[in-house]
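# Structure assessment
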Amino acid sequence: MSCLEAKKPPLFISKPLTKGTVSQSLSLLIGILRSCYGPAGRLKQLHNGVGGYVCTTSQSSVIFSHLSVSHPVLRVLMASVQNHVSRFSDCGLFTAILCCSLIENFRSINIGSCNIIKISKHLLSLCMDYLKSETCGCRVSVDFSSLETLLCLVRSVLTSKPACMLNKQEVEYVTTLILKAFMFTVPSHVETNAVLGKCIIVPVKGKRVVDSTVLPGLLIEVPEIPSANPLTAKRSCSNMIKIALFCVSMSGDLFNLEEGTITVHHRISLEMSELNQLLSVGKQLVNDEVGLVVCQKVIHPSLKQYLKENHVIAVDRAGLSLMEPLSQITGAKPIASIHMLSPSCYGSLKDVCVESFASKHFVHLTPIDAVVCSLILCNRSETAWDELKRACETAEHVLQFTIKEPLALLGGGCTETHLASYIRHKSCSLSTSSFKDIDCSRTQYQLVADGFCRALESVACSLNHDDGEILTDMVYGHCWFVPPGFPSVFHWSDLVSKCGCGINGNAENLSWRLLQGQFASPVIQRCPKEPSVKAADFLTLDCFAAKCSGLQVALETANLILDLSYVIEDQN
């Protein structure tokens, strides 16, 4: 009998942010995140320390799912970022780096946390009002009648994921492919409650990236059907192919029966009875002119043979993930019982054929109206393919948010530095009545605003991994990167050609200042709203919805952590 231990009292930790362990953990975390950020971010190899699968990545969704933290404060931070990424798929590293920087800057200010939270909320409202206003100088409108801005959005997602191992030609190829796949998912007939379709990613590993392709409709892998034999499906009188979609097993097994007592008469075989029922279903399918039967699970070989003899194509083991898109493109309702079969559950297809890629064979279902497509995605290695798949899903998600709100923010650190310049300008011009409404002094407001702006600028600085200088211009407030190896006495105009986002070239007589280590920024003019035609082809852009949400999540999480007075841990 094991010894019983006395119950330990809970551990109370007061003012957790003042503890050295939190400071060290926060510094370590922000160092890891900054080193991953941007197109030149360094890759991370994550494993559990006792062997097993090793993951190579620079994406926040993967890093946070594999990273184990013990301190409650960091758990709160990571949970907030993970929740943001689960909703938006993008700007996870931006959110995490900004949140950590805000915590570091705010806790060094000798002001009560209550005042810091009030002031920072006001700063956030200034940012959000500006970003959503027509006068905002760091956002661009997305015109869906032109592909340039959409291509920039997708390209920016792909180039920010270095573990995809793509060269310039491959980036352009996959960018076009993703945009083409997304266009397939947009309904051709616009309705009041229009729903976007779905892009199914089909893995083909060990092949060149440029072997990837996109097809309208759905691909179902069927290893047992040789590509040399063309499929001839029975067609209905309307020249369409009827499809029956089963989400129940058709194997003839009795293991799916519910609990209870079954009375079986003498010399009656349950297996034969079940098979006869399946064959009866097959006869009804043939009589109803069904040309294709797709089953989520297994189809009995005898039923398969019967359907084949009657020119009905049978595909089993389709899997749960394909049920929804199959129903979406065909209009078929999944049939959940072999004892109740209604013709109203059938759907229809335009065509069925076999497609072959590498050593794999697929049944290709072509719908009447294609709102679902299949992206056959290739890459040279499993690690690179996994990263590319996640990047493609992120890009698709970004396009979905953009079609709802056709706006994008300038990337390459320019939105962050422009916002910082705007907030410094606004904080200097606030009226005395505004400080009374916030219940703070002008000095307190300026201190918090400075910490907020430096946190934004630190995110832009995180894009630099080669020890070069980082500048901001005094006209537009954009971010400029100087290659390493040049002395600071050099004329900056001779070393930079375009800002981080690519919208501004070095054609004007701009004034500069070093971004790192500076605590003040001069008042600047408003950034031009519309990009030039030449620069628009290769802009670096960020998802408007994802970045706005990331800004809010970062500040609200930082305020929550700053407001923590106690951490109570159960010791049992």
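In this text, all values refer to a predicted model and were calculated from it rather than measured experimentally.

## Points about the packing of helix H7 (residues 168-184) against helix H11 (residues 382-404)
Their axes nearest at 10 Å, the elements H7 and H11 cross at an angle of 50 degrees. Relative to H11, the element H7 lies oblique. Where H7 crosses over H11, the handedness of that crossing is right-handed. Between H7 and H11, the contacting residues are Val174, Ile178, Leu179 and Phe182 on the first element and Leu388, Cys392, Ala395, Glu396, Leu399, Gln400 and Ile403 on the second. For the contact of H7 with H11, the residue count by class is nine nonpolar, one polar and one charged.

## Digging into the environment of Cys392
In this structure, Cys392 sits in helix H11. With a relative accessible area of 4%, Cys392 lands in the buried category. Taking C-alpha positions, Cys392 is 8.3 Å from Val157, a pair spaced 235 residues apart along the chain. If we ignore the near neighbours within four places in the chain, the residues touching Cys392 are Val174, Ile178, Ile201, Leu375 and Leu377.

## What to know about empty space enclosed by the protein
In the structure shown here, the tally under the stated rule is two cavities of 30 Å³ or more. By volume, the largest cavity amounts to about 60 Å³. Lining the largest cavity we find Ile178, Ala181, Phe182, Cys199, Ile201, Leu375, Cys392, Glu393 and Glu396. Counting residues per element, the ones that place at least two in the lining of the largest cavity are H7, strand E5 (198-205) and H11. Classifying every residue of the lining of the largest cavity gives seven nonpolar, no polar and two charged. Lining the second largest cavity are Phe94, Leu131, Leu409, Thr415, Glu416, Leu419, Leu456, Lys547 and Leu551.

## Some words on the sheet that holds strand E6 (residues 213-216)
Hydrogen bonds between backbone groups are what pair the strands of a sheet, and the pairing can be parallel or antiparallel. Spatially, the three strands line up as an open sheet ordered E5-E14-E6, and their pairing is mixed. Unpaired on one side and paired on the other, E5 and E6 mark the two borders of the sheet. Direction aside, the axes of adjacent strands within the sheet are offset by 20 degrees on average. The strands that H11 touches are E5 and strand E14 (372-379); relative to E5, the one it contacts most, it runs at about 170 degrees.

## Things to note about the environment of Lys44
Tracing the backbone through its elements, the reader meets Lys44 in strand E2 (residues 44-46). The exposure class of Lys44 is buried, given its relative accessible area of 18%. In contact with Lys44, not counting residues within four places along its chain, are Ile32, Ser35, Cys36, Cys55, Thr56 and Thr57. Among the polar contacts listed, one links the side chain of Lys44 to the backbone oxygen of Arg42, at a separation of 3.2 Å.

## Comments concerning the pattern of salt bridges
Enumeration over the complete set of coordinates arrives at 16 salt bridges. A salt bridge links Lys118 to Asp439, with the shortest nitrogen-to-oxygen separation between them at 3.5 Å. Placement of Lys118 in helix H5 (residues 113-131) and of Asp439 in the loop between helix H13 (432-438) and helix H14 (442-461) is noted, with a sequence separation of 321 residues between them. Salt-bridge contacts for Glu393 lead to Lys389; the nearest nitrogen and oxygen are separated by 2.7 Å. In this pair, Glu393 and Lys389 are both assigned in helix H11, four residues apart and thus about one turn of the helix distant. Overall, the relative accessible area of 33% leaves Glu393 in the partly exposed class. Through salt bridges that share partners, Arg424, Asp450, Arg454, Glu457 and Arg513 make up one connected network.

Reading the values: the criteria
- Residues numbered from 1 in each chain as written.
- Predicted model: local features only at pLDDT ≥ 70, side-chain atom pairs only at ≥ 80, totals over all residues.
- Heavy atoms only, no water.
- Axes fitted to C-alpha atoms, helices over the stretch in contact; angles between N-to-C directions.
- Helix = DSSP H or I, 4+ residues; strand = E, 2+ residues; numbered from the N terminus.
- Parallel < 35°, antiparallel > 145°, perpendicular 65-115°, else oblique.
- Left-handed = near helix turned anticlockwise from the far one by under 90°.
- Contact = heavy atoms within 4.5 Å.
- Nonpolar A, V, L, I, M, F, W, Y, C, P; charged D, E, K, R; others polar.
- Buried < 20%, exposed > 50% of the residue type's maximum accessible area, 1.4 Å probe, protein only.
- 1 Å grid on protein atoms, 1.4 Å probe; cavity = no way out; pocket = protein on both sides within 12 Å on 5 of 7 lines; lining within 4 Å.
- Points joined across faces, edges and corners; volume = space filled by probe spheres on them.
- Pairing = 2+ DSSP bridges.
- Polar contact = N/O pair within 3.5 Å; in protein donor to acceptor, adjacent residues only side chain to side chain.
- Salt bridge = Lys/Arg side-chain N within 4 Å of Asp/Glu carboxyl O.

Geometry only, nothing functional implied.
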